[in-house]
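Here is how the chains run, residue by residue.
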Amino acid sequence: NQASVVNISTSQQVQADAQTRGLPPGAGPGLPPGLPPGMDELLRQFRGMPGPMPGPREANSLGSGFIISADGQILTNAHVVEGADEILVKLADNSEKPAKLIGLDKASDVALLKIDASGLQAVKIGDSSKLEVGDWVLAIGSPFGLEHTATQGIVSAVGRSLPDGNYVPFIQTDVAVNPGNSGGPLFNINGEVVGINSQIYSRSGGYMGLSFAIPVNTATSVAKQLAANGRVERGWLGVGIQTLNGDLAKSFGLDKPAGALVGQVDPAGPASKAGLEPGDVILEFNGRPLSQSSELPPLVGETKPGTKVELKVWRDKKAREIDVTVAALKPAGDEVVAANADGGQKPGILGVQVSALTPRQRAESGIE
């Protein structure tokens, strides 16, 4: 498997003067603005601070990836190669080849590269839907530039939703992942790739026991679209959803807080045309039960536009079936397939978010 894992380095020309760093002209990091001419440079030298670097400079980044075809197709993270002027792939035999970016999808953080090669050893792709909590997994990548480093752990959770990952049901693991691991493969005990290591939760910038991988089923679906069209087409339902808590579930007559509570419906969306209303609770999407609201966006996003799906909806304390034809998400990405209705709000000083109750929620909760 190590022969199929590659090291990816990129270079990019960036502007690095004070203004492009968001600092007032004449002021550097840690220095007050409005200093007399020349004083800022003297203070920098005294404090040992780097001076201003006007004009363009070359920025470099490092990541990992893995070969998915013998002719040189490589999967990695979009954030590893986004904005790069040059992408260089280093193979297991230490040979280096320039890579062409076939396409990237920021929403899923997946990118597809191509190098000019043949007869390469490709990874064996597994089925991420079969992963269970407690399964052993292995990550291979280049943390801090240390190539082909292997770390192991277990699957901590599946279908994990992150604030910036509406379209990805992340695999959470306790595998040690650090900067440079991004884009590298996550293997199961059969040596099959089940995920792409993508993110960590950290307060220090290093590994703290929480790492997240993109399921390989999601990644390969995205890669096929990138190879065919250079972009990804996603389904769109046209609803804003909220988490259903215990009190709301009880007020709606539900046994448990499962499903996605519809907080708002786009008048121009397919959900509105099908008759969905604010206050409805979506219990199932095309036969797939929803244990929590965060499971709905990835399901809608991976549905081909034009597909007719059946929603099981809870309304007026009884279940009903509603057929909806999923539309295409606008390429600009301004729309969301199904997102938290108050997702655009910032937490206040108390660290909470609130949203107005709909008339139906008021009536069913007995609130005047």
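For the structure itself, consult the block above.
Report follows, based on the coordinates. (Residues numbered from 1 in each chain as written. Predicted model: local features only at pLDDT ≥ 70, side-chain atom pairs only at ≥ 80, totals over all residues. Heavy atoms only, no water.)

### So, the pattern of salt bridges
In step 1: Tallied over the full model, the rule gives seven salt bridges.
In step 2: Here the salt bridges share partners, and the residues they tie into one network are E277, D280 and R315. (Salt bridge = Lys/Arg side-chain N within 4 Å of Asp/Glu carboxyl O.)

### Some thoughts on helix α3 (residues 216–229)
In step 1: An ideal rise of 1.5 Å per residue puts 20 Å on 14 residues; α3 measures up with 20 Å between its terminal C-alpha atoms.
In step 2: Every buried residue of α3 is listed here: V216, T218, A219, V222, A223 and L226. Along α3, the residues classed as buried sweep out an arc of 150 degrees about the axis, all on the same side. Residues of α3 that are exposed and point more than 90 degrees away from the buried face comprise K224, A228 and N229.
In step 3: If you follow the buried residues of α3, they end up packed against β3 (73–76), β5 (96–105), β6 (110–115), β7 (124–125), β12 (192–200) and β13 (211–215).
In step 4: Looking one or two residues beyond α3, the residue adopting positive phi is G230, at roughly 80 degrees. (Helix = DSSP H or I, 4+ residues; strand = E, 2+ residues; numbered from the N terminus. Expected span 1.5 Å × (residues − 1). Buried < 20%, exposed > 50% of the residue type's maximum accessible area, 1.4 Å probe, protein only. Arc of directions from axis to C-beta. Contact = heavy atoms within 4.5 Å.)

### Observations concerning the side chain of Q172
In step 1: Assignment of secondary structure puts Q172 in strand β10 (residues 170–173).
In step 2: Once residues lying within four places of it in the same chain are set aside, the contact partners of Q172 are I154, V155, S156, A157, R160, L210, S211 and F212.

### Observations concerning unusual backbone geometry
Working note: non-glycine residues mostly have negative phi, and peptide bonds are mostly trans.
In step 1: With phi around 75 degrees, N94 is a residue other than glycine that occupies positive phi space.
In step 2: Relative to the assigned elements, N94 resides in the loop between β4 (86–90) and β5.
In step 3: With a relative accessible area of 53%, N94 lands in the exposed category.
In step 4: In this model, F144 sits at a positive phi of 55 degrees, which is unusual for a non-glycine residue.
In step 5: Position of F144 relative to the elements: it lies in the loop between β8 (136–141) and β9 (149–160).
In step 6: Accessibility expressed as a relative area gives 59% for F144, which makes it exposed.

### Describing the packing of aromatic side chains
In step 1: For the coordinates displayed, the defined rule picks out one aromatic pair.
In step 2: Between F170 and F212 the ring centres are 6.4 Å apart and the planes differ by 80 degrees, which places this aromatic pair in the edge-to-face class. Here F212 lies in strand β13 and F170 lies in strand β10, a separation of 42 residues in the sequence.
In step 3: The cationic tip of R234 hangs over the ring face of Y167; the distance from NZ or CZ to the ring centre is 4.6 Å. (Phe/Tyr/Trp six-rings, centres within 6.5 Å; stacked < 30°, edge-to-face > 60°. Lys NZ or Arg CZ within 6 Å of the ring centre and 35° of its normal.)

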